[in-house]
Amino acid sequence: IVRLAGGRAAAYHEGTLALSRAVPARNPAAGTHARFDEMASLVADALRGLGVDARVGEVAGEYCPGEYSVNARGRTKLVGIGQRILAGGAHLGVVIVVRDSALLRRALIPVYEALGLDWDPATAGSVEDELGGVELAGVEDAILGRLRAGGYELVEGALDPDTLALAERLQRDHDPGR
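Residues numbered from 1 in each chain as written. Predicted model: local features only at pLDDT ≥ 70, side-chain atom pairs only at ≥ 80, totals over all residues. Heavy atoms only, no water.

## Focus: the sheet that holds strand β5 (residues 89-97)
Within a sheet, adjacent strands bond to each other through the backbone by hydrogen bonds, running parallel or antiparallel.
Line of reasoning, step 1. Reading across the sheet, the five strands line up as β1-β5-β4-β3-β2 and stay open at both edges, with antiparallel pairing between neighbours. Bordering the open sheet on either side are β1 (16-24) and β2 (54-56), each of which pairs with just one other strand. The average angle at which neighbouring strand axes cross in this sheet is 20°, direction not considered.
Line of reasoning, step 2. Two strands pair when backbone bridges link them, and strand β4 (residues 76-86) and β5 are joined in this way by eight bridges, in the antiparallel orientation. (Pairing = 2+ DSSP bridges. Helix = DSSP H or I, 4+ residues; strand = E, 2+ residues; numbered from the N terminus. Axes fitted to C-alpha atoms, helices over the stretch in contact; angles between N-to-C directions.)

In structure tokens, the structure reads:
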């Protein structure tokens, strides 16, 4: 998947949640850091509400590094946030690793090796690593609840059947277990 928000190589799988936010702005570059800070703080607050020692900041050696990553205990990255500036606005993309950090590492190790980028696989974590058994729905509810409390307008959508069928066909070519 090519992320609209940009950044280095990241991975999505069945144990991740993705959140996108489109923001209209006349001068979108002027609010870049404020948007990053607002979203990172919101996600960290939601994860703290679940019991995670969630902090905002880059972890040394993390994949797709960024000062607005959300980490656990200052040691493992749980959430990546990217942003793309567009004419008339900005797009933020958030990826929350809820479970199966081992799958994430297996996918990223060969990619980072091929790209010649350094990173420490031990820095890739998940909410599940911090809390034990956790469901995607519980993390999603915490994030959505925090967004609603912050006055965000939420728009839900679904992928059409043709897109889902294409994703299933393409998954075979991108399965890190093969």
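## Here's the deal with the nonpolar core
Line of reasoning, step 1. Ranked by internal contacts, the top residues of the largest apolar core, which has 32 residues, are V43, L47, V79, I96 and V139.
Line of reasoning, step 2. Residues contacting V43, with those up to four places away along its chain left out, are V70, V79, V94, I96 and I143.
Line of reasoning, step 3. Counting nine residues, the second largest nonpolar core, distinct from the first, contains A11, Y63, L108 and W119. (Core = buried A, V, L, I, M, F, W, Y, C linked by side-chain atoms within 4.5 Å. Buried < 20%, exposed > 50% of the residue type's maximum accessible area, 1.4 Å probe, protein only. Contact = heavy atoms within 4.5 Å.)

## Observations regarding the pairing of β5
Line of reasoning, step 1. Across the nine residues of β5, nine count as buried, placing the element largely inside the fold.
Line of reasoning, step 2. Side-chain alternation along β5 places G89, H91, G93, V95 and V97 on one buried face and A90, L92, V94 and I96 on a second face that is also buried.
Line of reasoning, step 3. Between the end of β4 and the start of β5, which pair antiparallel, lie two residues, with G88 showing a positive phi angle near 85°.

## Some thoughts on the packing of aromatic side chains
Line of reasoning, step 1. Within this structure, the stated rule accounts for three aromatic pairs.
Line of reasoning, step 2. When the centroid spacing of 5.1 Å and the interplanar angle of 0° are considered together, the rings of F36 and Y68 count as stacked. Of this pair, F36 sits in helix α1 (residues 32-50) while Y68 is found in the loop between β2 and β3 (70-72), placing the two residues 32 residues apart along the sequence. Here F36 and Y68 have matching classes, each one buried.
Line of reasoning, step 3. Relative to W119, the ring of Y63 has its centre 6.0 Å away and its plane inclined at 80°; by these criteria the two rings are edge-to-face. (Phe/Tyr/Trp six-rings, centres within 6.5 Å; stacked < 30°, edge-to-face > 60°.)

## Focus: the side chain of Q83
Line of reasoning, step 1. With respect to the helices and strands, the residue Q83 is situated in strand β4.
Line of reasoning, step 2. For Q83, a relative accessible area of 13% corresponds to the buried category.
Line of reasoning, step 3. Polar side-chain contacts of Q83 include one of 3.1 Å to the backbone oxygen of T32. (Polar contact = N/O pair within 3.5 Å; in protein donor to acceptor, adjacent residues only side chain to side chain.)

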